[in-house]
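Chain and residue survey
Residues per chain, in single letters:
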Amino acid sequence: MTPIIIFIPAILSAPFFPAIILKVKAFFGGKKGPPLLIQYYTLAKLFKKGSVYSTSTTYIFKLGPMVSLSAALTALMFLPISGAAPLFSFKGDVLFVLYLLGLGRFFTIAAALDTASPFEGMGAAREAYFPIICEATTFMIFILFYRLTGELTLASFFYGNHPLELWRVAGAPLAFVVTAFFIVLLTENARVPVDDPATHLELTMIHEVMVLDHSGPDFGFIEMGSFCKLFFYAAIVSRLVFPFDLGHPAMNLAAFSLIMLLIYAAVGVIESVMARYRMDRVPKFVLTSFALAFVATIITLEFVK
Amino acid sequence: MNSTRAKGMNMDLFFLSLVLILLGGTLAPIFNRRFTLMKLIAVITLCAGCLLGLVDAGSKLIHGGSYRYAFAYLNALSLEFQIDALSAFFLTTIFFICFCSLIYSFHYLNNAEKAFRISVNYMLFSLLMISMALVVAAGNIIAFLVSWEIMSLSSFFLVIYNYASSENRQAGRLYFIFSHVGAMFILSAFAIIYQHTGKFGFIDAASLSHGAKLLVFIFSFIGFGSKAGVFPLHIWLPHAHPAAPSHISAVMSGVMIKTGIYGIFRMYAILELHTPVFGSIVLSAGIVSGILGVVYALGQHDLKRLLAYHSVENIGIILMGMGIGMLGVSSGKPVMAVLGFAGSLLHVLNHSIFKSLLFMGAGMVLQKTGTSSIDVLGGLLKKMRITGTTFLIGSLAIAGLPPFNGFISEFIIYLGAFKGVVLTGMTFVLSLLGIVGLAVIGGLALACFTKVTGVVFQGEPRSRAAENADEKGVAMLVPMVILAGACVMIGVYPEPFILMAIRGIDSLNLGYAVIPLEGFVAITGSLTRAVTAFFAVVLGIFALRVFLYRDKITTRSSTWGCGFTRPTAKMQYTGSSYAASILSFFKPVAPLSEHHPRIKGIFPEETHYFSHVHDIAERYMKNLTVIPVMALFDKLRWIQYGDIHLYIGYILLAIIVLLFFI
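Note that the structure is predicted; figures quoted are calculated from it, not measured.

Let us now look at the overall build of chain A. Summing up its helical and strand segments, chain A has 13 helices and 1 strand in all. Taken from the N to the C terminus, the helices and strands of chain A come in the order α-α-α-β-α-α-α-α-α-α-α-α-α-α. Here chain A has a C-alpha radius of gyration of 19 Å; the compact-globule value for 305 residues is 19 Å, and the two agree. Across its three principal directions, the C-alpha atoms of chain A cover 60 × 45 × 40 Å. In chain A, once contacts between residues fewer than 6 apart in sequence are set aside, the share between residues at least 24 apart is 79%.

Encoded structure:
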């Protein structure tokens, strides 16, 4: 039963954490910032509304939000949130989860191209481009983890005190992995310095411009989907930076929540202190993550024989 | 002709199906004056032959074992055929795809004025089917080479179906040269075998010396690679596929190029040399083909050319699986070997399904709009719902996304490759590159197929032709639905298909005892469960959506133009601009040449933009081989300048010289 008890609150709390980013940004700007439950209000408002559909669109436009949300939710089912056992786990589920998120991306892009809007096409082209490098990084990291553990499931990497084992065997190079994964988190979830969710010019956006035409509950699904996706990546980072198992699920959950708050705050700090990169610079930034993961693998080659 | 029967009635069923196919092909030209009747007779007879062959191959695959059959042609040349599990696997694929393609052709070839040409097309098509089946059933060198040659020639004539266009003739010529240079390499590989063993049989090849085996493998890899479309021997592919009629492209890309893969598998099986060199060659070639194939595909403006480059990519993935299997064998890891080979074989089946589906979709678009140029299409999904939806399914499958079949085979190859990264040395490095390569290929294929579906089927039509399209022709829609169904079925319930592929590699002579299958069955079971969980979530979300939209007002309006109020269809993002930023990343291997006059003045003149992505293989092959060879032959022109006396002199000279050798 424990997996379900953890899973449902985890999903329900996913919209809470992004408010931390907003709060931190407001703090840096000397403002008060929106209330902590802002995203819940937004979702409730969106779910109450009706929708306007563009005459250019087809059923793919309505399918897009559903598939991307479902993909993110299903991905979370395989993740040991706060180190507790996941809902599902099987040999190679890492690959399934990554490709499932790819399916979500396919439909987000397809829904954007459905509108015939040149701006959304622009965003879609970027959304198709940058995650390619992210995928290479993620696979590089999983190659390293596979060498360390001999397993290929999210549970074997992040369950209980398994991450501690990773640190013990790999040592300092794992810090590279954490950094690399954090870069992937920023890229996949359209955060500064790759994408600026708060920018006002459609030309410079990636994720936000792709969902311009969605409205009402459909848009709510998209928002929820991106909260879940950010939660997924942040939860992985949290397991890596806090690899301990405190012995009791409740204590683990408390520690996990705290670390999650810190990670989201870190994202907020990054968004406050730096600007978005020029679009042609972004690939270099994302490639850094690949280089880090690669170096980490090469270094650990000597340790793990 | 006398024949000896080795085992049961089954083999006869195989030949009966071929006879039926030959009959269908022969009947077509006879009835060419009655257009519809001719098509009906041809399609029904050929389909019946395919179904028979499918049933036979399927039962052979299930029952296992090997079936031998021998003819002594003219009492001199012995033609031997042997169907083992590997052959049966390929036969299943061949007959299934040909069956779908035949149904499709009924409405696709609809120009009654070209009745004769179409009837000849059916005849050549039947020859192609027979020769493909015989290639994978061949049991000795002679049978193989004869079938191979018939296959190359019949497909050559099918490519130049529209011979009036010089572009198509050129494509045909290129294909002809490549298939024959390839055949020469295969011939030399076989010649080495014959020289060492003195026999035409494949079985004897295992007794070759180590060095000879290496040479045989490399020669045959080049030869079969040029048929399969391995980089850099792929350059005929993007020319020949767009030139051929779409149902032929579907068969050529779906199954014919796989005979090259079959050849590599077979050579590996008969040589029985488990050296890491083979695995390294195949895996490296796979990675290079895979990545470059999809990069070039991204840069294409023609739908069928784009799909042709994706064949290069998928052949790359198949070779990656095969290479991982070979490395598994050479490093003594049976599980890795089985995963690699099984993934590779399953990808052969999967690729043949989704690629022929995509070519059929492209054919529908081509027939209804008259163009296959991506950037002038758009919005077709609204008019062509079935074509568009099946094409979308095919796109998801080829991008390797769950819950479709492409994911299953890539998943198994990944698992095999991950087994390789815990090893050391070259196997580690190549497995690592394989995994990262596969990840990058997946991402690029996703980009490429969002481009295709997005620009061709979604958005607003960019031309009058795209606006007026429809999808008439049940015979064209049915196979697309069948194939799309197969994509979903293998994706959701992969168990029988994975077991089929594992059975297919039984005949590779890996030198292991029986490999326990429980582990593999467990993998398929968990994939099915995971996909079911995903479907359950989708259903839940769908229910929630229905609930949230109950008694809501939804209105339709134009797309938000970010403040601009007079958008036109021309302002949409084009496929070229969609791919531009990714291509610029790959500039060193995919140089882009652009042509557009500068915009000058306050009231600029009308302008245009044209871009072309160069295939470096094409460029270098031209510079390094074609031009020097032409220059050499230019210098040798004096040998033959049209004087008949000189030619007679040559003949005399040749005879005199030969006298010294007798």
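Take the overall build of chain B next. When helices and strands are counted, chain B shows 24 helices and 6 strands. In terms of C-alpha radius of gyration, chain B reaches 26 Å, essentially the compact-globule figure of 26 Å for 662 residues. In terms of overall dimensions, chain B has C-alpha extents of about 90 × 70 × 60 Å along its principal axes. Looking at chain B residue by residue over its 662 residues, the buried ones come to 55%. Once local pairs closer than 6 in sequence are excluded, the contacts in chain B between residues at least 24 apart make up 80%.

Now for helix α4 (residues 115-137) of chain B. An ideal rise of 1.5 Å per residue puts 33 Å on 23 residues; α4(B) measures up with 33 Å between its terminal C-alpha atoms. A large share of α4(B) lies buried, amounting to 20 of its 23 residues.

This part covers the domain arrangement of chain B. Domains assigned within chain B are domain 1 (274-511) and domain 2 (616-659). Between the C-alpha centres of domain 1 of chain B and domain 2 of chain B there is a distance of 43 Å.

Moving on to the nonpolar core. Ala293(A), Ala342(B), Ile435(B) and Cys487(B) are the most contacted members of the largest nonpolar core, which has 343 residues in total. Setting aside anything within four residues of it in sequence, one finds Ile435(B) in contact with Phe139(A), Ile143(A), Tyr414(B), Ala417(B), Phe418(B) and Val421(B).

Right, let's talk about the interface of chain B and chain A for a bit. Contacts between the two partners involve 60 residues from chain B and, on the opposite side, 62 residues from chain A. Only α14 (380-383), α16 (405-420), α17 (425-457), α21 (518-549), β4 (554-557) and α22 (575-585) of chain B provide two or more residues apiece to the side of chain B that touches chain A. With 13 residues, α17(B) is the single largest residue contributor to the side of chain B that touches chain A.

Moving on, we come to the pairing of strand β1 (residues 51-54) of chain A. A regular strand carries its side chains on alternate faces of the sheet. On β1(A), burial follows the alternation: Ser51(A) and Tyr53(A) on one face are buried, whereas Val52(A) and Ser54(A) on the facing-out side are not. Sheet topology note: the β1(A)/β4(B) ladder contains 4 bridges and is parallel. Looking at β4(B), one finds that Ser54(A) is bridged to Ser557(B).

What follows covers unusual backbone geometry. Cis geometry is adopted by the peptide bond preceding Pro193(A), which originates at Val192(A) and carries an omega value of 10°. Assignment of secondary structure puts Pro193(A) in the loop between α9 (173-188) and α10 (207-210). The linkage connecting Pro402(B) with the following residue, Pro403(B), adopts the cis geometry, with an omega of 0°. With respect to the helices and strands, Pro403(B) occurs in the loop between α15 (385-398) and α16. In this structure, Ala190(A) takes a positive phi of about 55° despite not being glycine. Among the structural elements, Ala190(A) can be located in the loop between α9 and α10. In this structure, Asp551(B) is a non-glycine residue whose phi angle is positive, near 30°. In this structure, Asp551(B) sits in the loop between α21 and β4.

Below, the discussion takes up the environment of Ile141(B). All names here are of chain B. Mapped onto the fold, isoleucine 141 is located in helix α5 (residues 141-159). Sequence separation between isoleucine 141 and alanine 191 is 50 residues, and the spatial gap between their C-alpha atoms is 9.2 Å. Among all residues touching isoleucine 141, those that are not within four sequence positions of it are Phe190, Ile193, Tyr194 and Phe200.

Turning next to the confidence of the model for chain B. Residues and elements named next belong to chain B. Per-residue confidence for chain B gives a mean pLDDT of 90; residues scoring 70 or more make up 97%. Here strand β1 (residues 2-5) stands out as the least confident element of chain B, with mean pLDDT 39; α15 is the most confident, with 96. Contacts for the low-pLDDT stretch residues 1-9, under 50 throughout, to residues beyond four places or in other chains number 13 contacts.

On to helix α12 (residues 249-273) of chain A. Residues and elements named next belong to chain A. The terminal C-alpha atoms of α12 lie 36 Å apart, and with 25 residues this matches the ideal 36 Å at 1.5 Å per residue to within 8%. Buried residues of α12: Asn252, Phe256, Met260, Ile263, Tyr264, Val267, Gly268 and Glu271, and no others. Turning to α12, the residues buried within the fold contact α2 (17-28) and α11 (216-241).

With that settled, consider the packing of α15(B) against α17(B). Between two packed helices, what matters for the description is the angle formed by their axes and the separation of those axes. All names here are of chain B. Contact geometry of α15 with α17 gives a least axis separation of 9 Å together with a crossing angle of 170°. As summarised for this structure, α15 and α17 are arranged roughly antiparallel, according to the angle between their axes. Listed contacts from α17 to Gly388, Phe391, Leu392, Ser395 and Ile398 of α15 are Ala445, Phe449, Val452, Thr453 and Phe457. Broken down by class, the residue content of the contact of α15 with α17 amounts to 7 nonpolar, 3 polar and no charged.

All names here are of chain A. Looking at the element boundaries, arginine 147 is found in helix α6 (residues 118-149). We classify arginine 147 as buried; it has 20 C-beta atoms within 10 Å. Sequence separation of arginine 147 and leucine 301 is 154 residues, and the distance between their C-alpha atoms is 8.7 Å.

Looking now at the environment of Leu446(B). Its place among the elements puts Leu446(B) in helix α17. Take Leu446(B): there are 28 C-beta atoms within 10 Å of it, and that puts it in the buried class. In contact with Leu446(B), other than residues within four places in its own chain, are Gly102(A), Arg105(A), Phe106(A), Ala128(A) and Ala399(B).

All names here are of chain B. Axis separation between helix α12 (residues 303-330) and α16 bottoms out at 10 Å; the angle between their running directions is 35°. Where α12 crosses over α16, the two elements pack in a sense that is left-handed. Side by side, α12 and α16 meet where Ile317, Met320, Gly321, Ile324, Gly325, Leu327 and Gly328 of the first sit next to Glu410, Ile413, Gly416, Ala417, Lys419 and Gly420 of the second. Broken down by class, the residue content of the contact of α12 with α16 amounts to 6 nonpolar, 5 polar and 2 charged.

Criteria and thresholds
- Residues numbered from 1 in each chain as written.
- Chains lettered and ligands numbered in written order.
- Predicted model: local features only at pLDDT ≥ 70, side-chain atom pairs only at ≥ 80, totals over all residues.
- Helix = DSSP H or I, 4+ residues; strand = E, 2+ residues; numbered from the N terminus.
- Rg over C-alpha atoms; globule rule 2.2 N^0.38 Å.
- Contact = placed C-beta atoms within 7 Å.
- Buried ≥ 20, exposed ≤ 12 C-beta atoms within 10 Å, placed from the backbone.
- Expected span 1.5 Å × (residues − 1).
- Domains from an automatic or database assignment.
- Core = buried A, V, L, I, M, F, W, Y, C linked by C-beta atoms within 7 Å.
- Pairing = 2+ DSSP bridges.
- pLDDT = per-residue confidence, 0-100.
- Axes fitted to C-alpha atoms, helices over the stretch in contact; angles between N-to-C directions.
- Parallel < 35°, antiparallel > 145°, perpendicular 65-115°, else oblique.
- Nonpolar A, V, L, I, M, F, W, Y, C, P; charged D, E, K, R; others polar.
- Left-handed = near helix turned anticlockwise from the far one by under 90°.

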